[in-house]
Amino acid sequence: MYSMTGYGRGTAAADGRELTIELKSVNHRYLDVSMRLPRHLLFLEDGIRAGLSAALSRGHVDVFLNYRNTRSDARSVTINTGLLEAYLSAAHEAGERFGLRDDLGLTAALRLPDVTEVCEADEDRDAVLALCSEALSCAIAALRDMRRLEGERLKADLASRVDAVFGLAEEIAARAPLVIEEYRAKLNERIEQLLEKTEVDRARLATEVALFADRASIDEEIVRLRSHVAQMRLLFEEGEPVGRRMDFVVQEMNREFNTIGSKANDGELTARVLSGKAEIEKIREQIQNIE
């Protein structure tokens, strides 16, 4: 079981180039990838998205990429000779007009605005793609490892809560027949008090109790609850993303408790239903972070 929260970092370096990728993920209904790359590295975006889509099924993932190229051919310097010529011509003219000595040297000339320009050299795409693939693989492995560890913690918490729900369902199943018997006894006692000198129609009493038992029957809900608990326990051991299926099962569990609550004519049953719904709400909150 995997959580959708995690962090991973991977670095690859070769031949004067170094590329680092950091991944941060949080819960999201679908796989949502957000990345900002330098303009000269935009060609990496499709490969990064494909790699993340192959490894992850859900979660919002922020991608941070840092790239350094320390090779001697990584940058080039160009001189705007036309602009420099214009600067020198204007300086010579000003010197003659105002009688100033021309002391403009090469170093000073190259410092004039916009005379020199440092340009990034075209990247070797194949070399950068190879570095990106290696760094991304390391980052994804680290991210999935953290998501797995967090998923194991969530799994332990969910398992204990599902056990609690199952225990409450069994308590409700054990209590339900007693509620019917108590209703029969109370109904019989009330009739006898009202009609002390009249023979009670036992057949009528049995019919009334049978009608109550039919209205209050929760056998089907208990069977379905047991089935949902069994499904949840199976999902704990799945080797693939189960968050969406868990969410569906929990909705069904909540539906059964709602139905039982609507049929409950007993304080103890109502208390257990409320406890069950509280546990299910906690399960629902935790499942929102399961991949």
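Scroll up a little and you will see the structure.
Below is a short write-up of the structure. (Residues numbered from 1 in each chain as written. Predicted model: local features only at pLDDT ≥ 70, side-chain atom pairs only at ≥ 80, totals over all residues. Heavy atoms only, no water.)

1. Side note on the overall build of the protein
Scanning the protein for helices and strands turns up 8 helices and 6 strands. Element order for the protein, N to C, with α for helix and β for strand: β-β-β-α-β-β-α-α-β-α-α-α-α-α. By residue count, 34% of the 291 residues in the protein fall in the buried class. If you take every contact in the protein between residues at least 6 apart in sequence, the share linking residues at least 24 apart comes to 80%. Surface summary for the protein: the accessible area is close to 17400 Å², and the carbon and sulfur share equals 50%. (Helix = DSSP H or I, 4+ residues; strand = E, 2+ residues; numbered from the N terminus. Buried < 20%, exposed > 50% of the residue type's maximum accessible area, 1.4 Å probe, protein only. Contact = heavy atoms within 4.5 Å. Areas by Shrake-Rupley, 256 points an atom, 1.4 Å probe, with all protein chains shown as cover.)

2. So, helix α8 (residues 267-287)
The end-to-end C-alpha separation of α8 is 30 Å, in line with the 30 Å expected for 21 residues at 1.5 Å each. Of the residues making up α8, those classed as buried are Leu269, Val273, Gly276, Glu279, Ile280, Ile283 and Ile287. End-on, the buried residues of α8 take up no more than an arc of 130 degrees, which puts them together on one face. Turned more than 90 degrees off the buried face of α8, the exposed positions are Gly267, Leu274 and Glu285. (Expected span 1.5 Å × (residues − 1). Arc of directions from axis to C-beta.)

3. Re the packing of helix α7 (residues 243-263) against α8
Axes are the key here: two packed helices are described by the angle between their axes and the distance separating the axes. The N-to-C vectors of α7 and α8 enclose an angle of 165 degrees; their axes lie 10 Å apart at closest approach. Taken together, the axes of α7 and α8 are roughly antiparallel relative to one another. Handedness of the crossing formed by α7 with α8: left-handed. On α8, the residues touching Gly243, Met246, Asp247, Val250, Gln251, Met253, Asn254, Phe257, Asn258, Ile260 and Gly261 of α7 are Arg272, Val273, Gly276, Lys277, Ile280, Ile283, Arg284 and Ile287. Looking at the contact of α7 with α8 residue by residue, the class counts come to 9 nonpolar, 6 polar and 4 charged. (Axes fitted to C-alpha atoms, helices over the stretch in contact; angles between N-to-C directions. Parallel < 35°, antiparallel > 145°, perpendicular 65-115°, else oblique. Left-handed = near helix turned anticlockwise from the far one by under 90°. Nonpolar A, V, L, I, M, F, W, Y, C, P; charged D, E, K, R; others polar.)

4. Thoughts on unusual backbone geometry
At aspartate 15, a position not held by glycine, the phi torsion is positive, near 55 degrees. Secondary-structure assignment places aspartate 15 in the loop between β1 (6-14) and β2 (17-26).

5. Some details on the pattern of salt bridges
According to the stated counting rule, one finds 21 salt bridges in the structure shown. Put simply, arginine 175 and glutamate 268 hold a salt bridge, and the shortest N to O gap is 3.9 Å. Placement of arginine 175 in helix α4 (residues 125-194) and of glutamate 268 in helix α8 is noted, with a sequence separation of 93 residues between them. By relative accessible area, glutamate 268 is classed as partly exposed at 38%. A salt bridge links glutamate 252 to arginine 255; the shortest N-O distance between them is 3.0 Å. One end of the pair is glutamate 252 and the other is arginine 255, both in helix α7 and 3 residues apart, which spans about a single turn. The exposure class of arginine 255 is partly exposed, given its relative accessible area of 46%. (Salt bridge = Lys/Arg side-chain N within 4 Å of Asp/Glu carboxyl O.)

6. Examining the environment of arginine 233
Relative to the helices and strands, arginine 233 resides in helix α6 (residues 219-236). Judged by its relative accessible area of 35%, arginine 233 is partly exposed. Excluding residues that lie within four positions of it along the chain, arginine 233 makes contacts with Val162, Asp163 and Phe166.

7. Side note on the packing of aromatic side chains
In this structure the tally under the stated criterion is 0 aromatic pairs. Above the ring of tyrosine 2, the side-chain terminus of arginine 144 is found at 4.3 Å from the ring centroid. One cation-aromatic arrangement involves arginine 233 over phenylalanine 166; the distance from NZ or CZ to the ring centre is 5.0 Å. (Phe/Tyr/Trp six-rings, centres within 6.5 Å; stacked < 30°, edge-to-face > 60°. Lys NZ or Arg CZ within 6 Å of the ring centre and 35° of its normal.)

8. With respect to the pairing of β1
Relative to β2, β1 runs antiparallel, the two being bridged by 9 bridges. Bridge pairing in β2 places arginine 9 opposite glutamate 22. Linking β1 to β2, which pair antiparallel, is a turn of 2 residues; within it aspartate 15 sits at a positive phi near 55 degrees. (Pairing = 2+ DSSP bridges.)

9. Overview of the sheet that holds strand β3 (residues 31-35)
Spatially, 4 strands are ordered β1-β2-β4-β3 in an open sheet, and the strand pairing comes out mixed. Since the sheet does not close on itself, it has two edges, and those belong to β1 and β3, each with one partner. The mean inter-strand angle of the sheet, taken between neighbouring strand axes irrespective of direction, is 15 degrees.

10. A short note on the pairing of β3
Strand residues, when the strand is regular, have side chains that alternate between the two faces of the sheet. Pairing of β3 with strand β4 (residues 59-69), which is carried by 5 bridges, proceeds in the parallel orientation. Counterpart to serine 34 in the pairing with β4 is aspartate 62. Since β3 and β4 lie parallel, the crossover through helix α1 (residues 45-55) that links them has a hand, and here it is left-handed. (Right-handed = clockwise from strand over helix to strand, strands pointing away.)

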